[in-house]
Each structure stands twice: as C-alpha cells, then as structure tokens.
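Spelled out from the first residue to the last, the chains are:
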Amino acid sequence: MGKAGSRDHAQISVSGWAAPRLPALNPTHLLFAFTGLALAYLVLPPFFFILHTSVVVDRGLRAGSFTFQHFASIVESLDDVRTLLANSLTFSVGSAAVALAYGTMLAWLAERSNAPFRTLAYVSAYISFAIPGIIKVVGWIMLLGPKAGILNAALAALTGRPLLNIFSMSGMVLIESFLWIPVVFLLMSTPFRSMDPALEEAAAAAGSSGWQVFRRVTFPLALPSVLAVLLLTFIRSLEAFEIPALVGIPAGIEVLTTKIYLQIRGGLIPKYGEASAYSTILIALVALGLYPYYRVTSKSYKFTTISGKAYRPHRVDLGRWRWLGGCLMLVLPLLQCLPVAAIAWSSLLPFAQAPSWRALSLVSLNNYRTAFSDSGIVGSVFNSLTVSVASATVAIALTFVAAWFIVRASLKARWLLDQMAMLPLVFPGIVMGIAILKMYLALPIPVYGTIWILVLAFIARYLPYGIRFSHSALLSVHRELEEGAMASGATWFQMVRHVLVPLVMPALLAGWIYIFLITFRELSIALLLYSPGSQVVAVKIWELWDNGHVGELAAFSLVITAGTVLVGSFFVKLAQRQGLQD
C-alpha cells in the first residue's frame, strides 16, 4: 500500500465511520482568518456591549438581570425626549443646510466662474482639517461670547448691541456650519470641476439666461452630489460633540450626544444603562440617515456627465460681479483665521478681554511659560502623537490586508470583512467611547487606564475610512501585475512588498494622514476613556477650559495649531512626492 493508501486508511476510524475531511489550510487562509478575527474583535464586542448594557440592570442586587427599565425611563420622560430630539434635529438640519448652501456656492464660484482668490480658498480649506475642532470652538467663543467676546464688544461699542450670543441654538448652528463649510466646499468642487460645459453652453445658445442655465442644467446635474453631501453633513452634525458640549451645555441646550455624556460624567455614579439606551437611539438615527445616503450615492451613475469625449474647461464671466464673488471666496480663509487670531490675542493676556490700549499694556508671554512648564501639558502632546501614529498605522495596515481579500480573493466569506469594517460607521464617537469603556471594564485585558485603550477605540472607530482608501486603491491596480510577480517566483509577501504597496502607496499615505489628523483632534471618545496620565491634547484643552485657565489654554492651543498645520503640510508634501494628486 502506498502513501496515498496509508492516508486514506488513517481517515477511517476504528469503528468504520469516515472522519470528516478538513479543508487544507495554506498561508492565505491563515491570513484571512487572522484578519477576520482581528476585525471581529475590534468591532463586534463593542456593538454587543452597548446593546447588552441597555437591557440589563447595571447595579444593585439584580445587577446583570434582563430589563427594559432604561428604555421605560426614557419613555416616561417623553416631553424631555421630544425636546432632546427636537434640539438634535434642529442643530443637525440647520447646520447642514447653512454649510451646504454656502459651501456649494463657493465651490461653484471656484470651479465655474472667474472669481478671484480661488487658490487661497483651497489652501484655507485644506488647513482647516489640521486645526482641532475644540480649538476652533474655543476661538469662536472668545469672539462671540456675550460679555467678553471680541466681536461682540467691538460691535456693542459702535451700535450699542452685540452681534450674536453664541450660547444659543442659533449660535450653535452657525458655528457648526462654519466647521463644515470647508468640507462641503471640497466635496462639491469635484462634481462642478468634472461637469461638461457643453451642456450649459447649449442651454445658453437656446436663449436661457444665466440663472435659468444654473437652475435647469447645472443644479440638476449636481443634485446627486448635493443630496449626498447634505446627508453626510446632517449625520456628522448629529454625532457632533464639541459644540454641544462647550456651547450647548452652558446654554442649557441638550442634544443626544451631550445627554449621553452627562449620563456618564454628569454625576457621582455613572448611569451606563440609560446612557446605552440613549446610545441605541442615536445609532438608529445615524443608521436611518446612512441608508438614504447609500441609496443616493449608489445611483449617481444616472447623472454621469464625464465620458470619453474631450471637453474644454469653461468659466462663467461674472463681469462687474467678479469682485463680489472674490469677497465671498475670502470668507472661507476668514472663518479659519478669526478664531485662531482670537486665541493668539488671548494667549498674550492674563485674562480674556477685548483689544484696547489698556489690554496692550498687559501683553506678555507668561501664559506660554506657564503652559509649557506643566508636565501634564507636555505629556499630553506625546500621548497624542503616540496614539495617533499607532492608530493610523494599525488601521491602514489591517484594512489594506482586508481590502486585498475583498478585491482579489475568491473566498466566499470575504464579504464579511467588508461588512465588519464598515459597521463602526453607525457608531457616533460618544457611543463608541461608552462601548469600549464597558468592554474593557468587563474583559480581563489590562488596557483600561492606559493610552492603549484609546488606540484600540480609534482603530475600531476609523476602520471604515481605512477600508475605503485601501479598497479604491486596490481596484485601480490590475491583477496581472500581481500574477506576473507570483509567476516569477515571488512569495505573496514579496509580491505585496515589492509590487503592490509601491503602487498603492499614495492612497495608503493619504488614508494614514487623514486618520492621524482626525484622531489627533478627536475629543468625544478620549473624554470618556482617559485617566490620569493618559490625557491627550483635546482632553487637556477641555480640562484647561473647564478649570478656567483661558490664558494657558490659548497659548497651548496656538502652539498645537501651528504644529498640526506644519505636520499636516509636511505629510501632504510627502504624499505628493509619492504620487498623491490633489
């Protein structure tokens, strides 16, 4: 009997039953299993713990028993819930509408008209990504605060009335829209740039006025992008935390995210059950918003205007309105500069006050000396750099391998990787913070109280962004290049290292930069997971604001802003050197 006969014999048990034949495992199967397990570990337990906590008793003799009491408590306070939902929807819809209207207009001026200052608008829009959101919000409070706000004080001296009380719903909507206008501007620039001007020229040749051309041709063609951006800004505003926390809580205006935060940090005993119940409501709202977003973006092919036919760029001559268009373009850099200028001014004073001759006599660098002699502040910078570099690196590496299996492998279960990587999209930051907190309080893994819990939370939170960057990059590389390398004797790892990674490096680097910058500025997750010694920059700024150390906060924030802009610019230059196109 040969070797094959011996193997067949070995598969027959002594009782005569045939043993099940196990599939042969190779390194590809093992890597697929490892990737799937890593994604499942990052994504599924947080989802389980947030749902589980919402339906069990979290303290007392009945702790751990099943209950709907947390949801019943929400239903019993129905009037409060209505107010909460009304505030959340007013804030989200209002800020999304303002950002969409102004951002779309700027995109049209930049791409389809001869308005000046287009380059300045683009530069300021890219810089806005590098400035942490909490710093911008603090800057706007320094400008529009009811008593010491610089703009309010200046206008009150001239007219007797302040410009705007930022501690109101209208103030919240306005500031949130200011944060989203650069994003809308960049997202809407692409469809306007790629639109064939022959369609508009044909309408103009048929006798339509400029407004009729825009209303009947330009806007309908851009409608899928408009709807997609509107839904995106609405969802992200629904998840927003910085403005509702810094502006809404002092004004007595609660939204869902601040309600969840106050359930955990607002009293002596954290109310995990109620917080998880509110979290499930917020997850449901975000999921409801994401569904039409996917429907809109999946059918955008119906409005395709780019084809193989060449077309020449065309800009509308605004005539005497050209400089008005230029002034509107200058608003975008102004929205970035004003809060930073307010922070720079406050960093030189012992306490916040409007510019005056008396204030000038108090200017000094004492706040900088005090801030950077604090070991806690310096330590928060190192913590943030460690957390952001580790999170971005692991997230991009893991999603790159997952995306390769999704795009290239013939395994039937590969769709699971895509679904698991996209699941955190329905988790707002504050909900992810609670989920990770409950998970590592229950599991015997010693990361609670260290910066590594933040790393794990950020990796899970930003998996969807990593998978999109990697997935689109791999789709652009033809399979023949990989097959050629393997046919030449290269192993899978050699093929990835020497062929695939160099080809997709620009996209991977762009994804890494995006995740690095967004984790560096993230507040809501860090605020729930930090402990003494593991504060990151956003948490330290929050603590300084909460303790009333405005001068030190301003000095620290200004240095951080300069640093993030420089780091972001360096990484973008590096990415462009690797082939990244803007």
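These figures come from a predicted structure and were not determined experimentally.

Points about the overall build of the protein
- What the protein contains, in helices and strands, is 26 helices and zero strands.
- For 582 residues, the compact-globule estimate of 2.2 N^0.38 gives 25 Å, and the C-alpha radius of gyration of the protein, at 27 Å, lies within 12% of that figure.
- In the protein, buried positions account for 49% of the 582 residues.
- Restricting to contacts in the protein with at least 6 residues of sequence separation, those with at least 24 account for 77%.
- For the protein, the accessible area works out to roughly 28100 Å², and carbon and sulfur atoms hold 67% of it.
- Taken together, the 40 basic and 25 acidic charged side chains of the protein have centroids lying 5 Å from each other.

Considerations on the nonpolar core
- Membership of the largest hydrophobic core comes to 172 residues, with the highest contact counts inside it found for F185 and W542.
- Of the residues forming this core, the biggest block, 15 residues, is contributed by helix 17 (residues 375-408).
- The contact partners of F185, leaving out residues within four places of it in the chain, are G103, L106, A107, A110, A121, Y122, A125 and L332.

Digging into the side chain of E552
- Looking at the secondary structure, you find E552 in helix 26 (residues 550-577).
- For the buried E552, no salt bridge exists, and the shortest N-O distance to an oppositely charged side chain is 8.3 Å, to K540.
- The residues contacting E552, other than those within four sequence positions of it, are N367, T370, A371 and L544.

A short note on the packing of helix 12 (residues 256-265) against helix 19 (residues 429-442)
- Where helix 12 contacts helix 19, the axes come no closer than 9 Å and their chain directions differ by 25 degrees. Considering their axes alone, helix 12 and helix 19 lie roughly parallel with respect to each other. Note on packing geometry: the crossing formed by helix 12 with helix 19 is left-handed. Of helix 19, the residues touching helix 12 (which contributes T257, I260, Y261 and I264) are I430, V431 and I434.

With respect to the layout of surface pockets
- Counted as a void, the second largest pocket has a volume near 570 Å³.
- Lining the second largest pocket are 22 residues, with W108, G210, W211, F214 and V316 sitting closest to its centre.
- Only helix 4 (78-112), helix 9 (197-205) and helix 10 (210-239) provide two or more residues apiece to the lining of the second largest pocket.
- Counting residues per element, the lining of the second largest pocket draws most heavily on helix 10, at seven residues.
- Here the lining of the second largest pocket is built from residues that sort into 13 nonpolar, six polar and three charged.

Section: the side chain of S92
- Residue placement: S92 occurs in helix 4.
- Only 3.3 Å separates the side chain of S92 from the backbone nitrogen of L238, close enough to count as a polar contact.
- The contact partners of S92, leaving out residues within four places of it in the chain, are F234, S237 and L238.

Topic: a nonpolar patch on the surface
- On the surface, F117, L120, W323 and L330 cluster together into a nonpolar patch covering about 370 Å² of accessible area.
- Along the chain, the position of W323 falls in helix 14 (residues 322-346).

A word on the environment of T233
- With respect to the helices and strands, T233 occurs in helix 10.
- Between the C-alpha atom of T233 and that of M105, which follows or precedes it by 128 residues, the distance is 16 Å.
- Setting aside its immediate chain neighbours within four residues, T233 contacts A96, W180 and V184.

Focus: the confidence of the model for the protein
- Mean pLDDT over the protein stands at 85; residues scoring 70 or higher make up 90%.
- Helix 20 (residues 452-461) holds the highest mean pLDDT among the elements of the protein, 95, whereas helix 1 (residues 3-10) holds the lowest, 44.
- Confidence drops under pLDDT 50 across residues 1-17; counting only partners more than four residues distant or on other chains, this segment forms six contacts.
- Below pLDDT 50 for its whole length, residues 303-308 participates in nine contacts with residues either more than four positions away or in separate chains.

As for the environment of D418
- Structurally, the position occupied by D418 is in helix 18 (residues 414-422).
- Between the C-alpha atom of D418 and that of F71, which follows or precedes it by 347 residues, the distance is 32 Å.
- Here D418 is in contact with I406, I467 and R468, once residues within four sequence places are set aside.
- Looking at D418, its side chain comes within polar contact range of the side chain of R468, at 2.8 Å.

Thoughts on the packing of aromatic side chains
- This model, assessed by the stated rule, comprises 20 aromatic pairs.
- Aromatic side chains F372 and F556 sit 6.1 Å apart centroid to centroid with 65 degrees between the ring planes, which places their arrangement in the edge-to-face category. Of this pair, F372 sits in helix 16 (residues 366-372) while F556 sits in helix 26; the two residues are 184 residues apart in sequence, bridging distant segments of the chain.
- Among the residues examined, F372 registers a relative accessible area of 34% and is labelled partly exposed.
- The class for F556 is buried, based on a relative accessible area of 0%.

Topic: helix 20
- Taking burial as the measure, the ten residues of helix 20 include nine buried ones, the bulk of the element.
- Among the residues of helix 20, those classed as buried are I453, L454, V455, L456, A457, F458, I459, A460 and R461.

Quick notes on the packing of helix 4 against helix 10
- In contact at an axis separation of 9 Å, helix 4 and helix 10 are set at 140 degrees when each is read in the N-to-C sense. In terms of axis orientation, helix 4 runs oblique to helix 10. Here the hand of the crossing between helix 4 and helix 10 comes out right-handed. Where helix 4 abuts helix 10, its residues S88, L89, F91, S92, V93, S95, A96, L100 and W108 lie against F214, T218, V226, V229, L230, T233, F234, S237 and L238.
- For the contact of helix 4 with helix 10, a count of residues per class yields twelve nonpolar, six polar and no charged.

Quick word on the pattern of salt bridges
- In total, this model carries seven salt bridges according to the counting rule given.
- Here D79 makes a salt bridge to R82, at a shortest N to O gap of 3.4 Å. Of this pair, D79 and R82 both sit in helix 4, three residues apart, roughly one helical turn.
- Among the residues examined, R82 registers a relative accessible area of 52% and is labelled exposed.
- The partner of R468 in a salt bridge is D418, and the shortest N-O contact between them spans 2.8 Å. Of this pair, R468 sits in helix 21 (residues 463-475) while D418 sits in helix 18, and the two are 50 residues apart along the sequence.

Conventions and cut-offs
- Residues numbered from 1 in each chain as written.
- Predicted model: local features only at pLDDT ≥ 70, side-chain atom pairs only at ≥ 80, totals over all residues.
- Heavy atoms only, no water.
- Helix = DSSP H or I, 4+ residues; strand = E, 2+ residues; numbered from the N terminus.
- Rg over C-alpha atoms; globule rule 2.2 N^0.38 Å.
- Buried < 20%, exposed > 50% of the residue type's maximum accessible area, 1.4 Å probe, protein only.
- Contact = heavy atoms within 4.5 Å.
- Areas by Shrake-Rupley, 256 points an atom, 1.4 Å probe, with all protein chains shown as cover.
- Lys, Arg positive; Asp, Glu negative; His and termini not counted.
- Charge placed at Lys NZ, Arg CZ, Asp CG, Glu CD.
- Core = buried A, V, L, I, M, F, W, Y, C linked by side-chain atoms within 4.5 Å.
- Salt bridge = Lys/Arg side-chain N within 4 Å of Asp/Glu carboxyl O.
- Axes fitted to C-alpha atoms, helices over the stretch in contact; angles between N-to-C directions.
- Parallel < 35°, antiparallel > 145°, perpendicular 65-115°, else oblique.
- Left-handed = near helix turned anticlockwise from the far one by under 90°.
- 1 Å grid on protein atoms, 1.4 Å probe; cavity = no way out; pocket = protein on both sides within 12 Å on 5 of 7 lines; lining within 4 Å.
- Points joined across faces, edges and corners; volume = space filled by probe spheres on them.
- Nonpolar A, V, L, I, M, F, W, Y, C, P; charged D, E, K, R; others polar.
- Polar contact = N/O pair within 3.5 Å; in protein donor to acceptor, adjacent residues only side chain to side chain.
- Patch = residues over 30% accessible without salt bridge, like charges linked within 9 Å, V, L, I, M, F, W, Y side chains within 5 Å.
- pLDDT = per-residue confidence, 0-100.
- Phe/Tyr/Trp six-rings, centres within 6.5 Å; stacked < 30°, edge-to-face > 60°.

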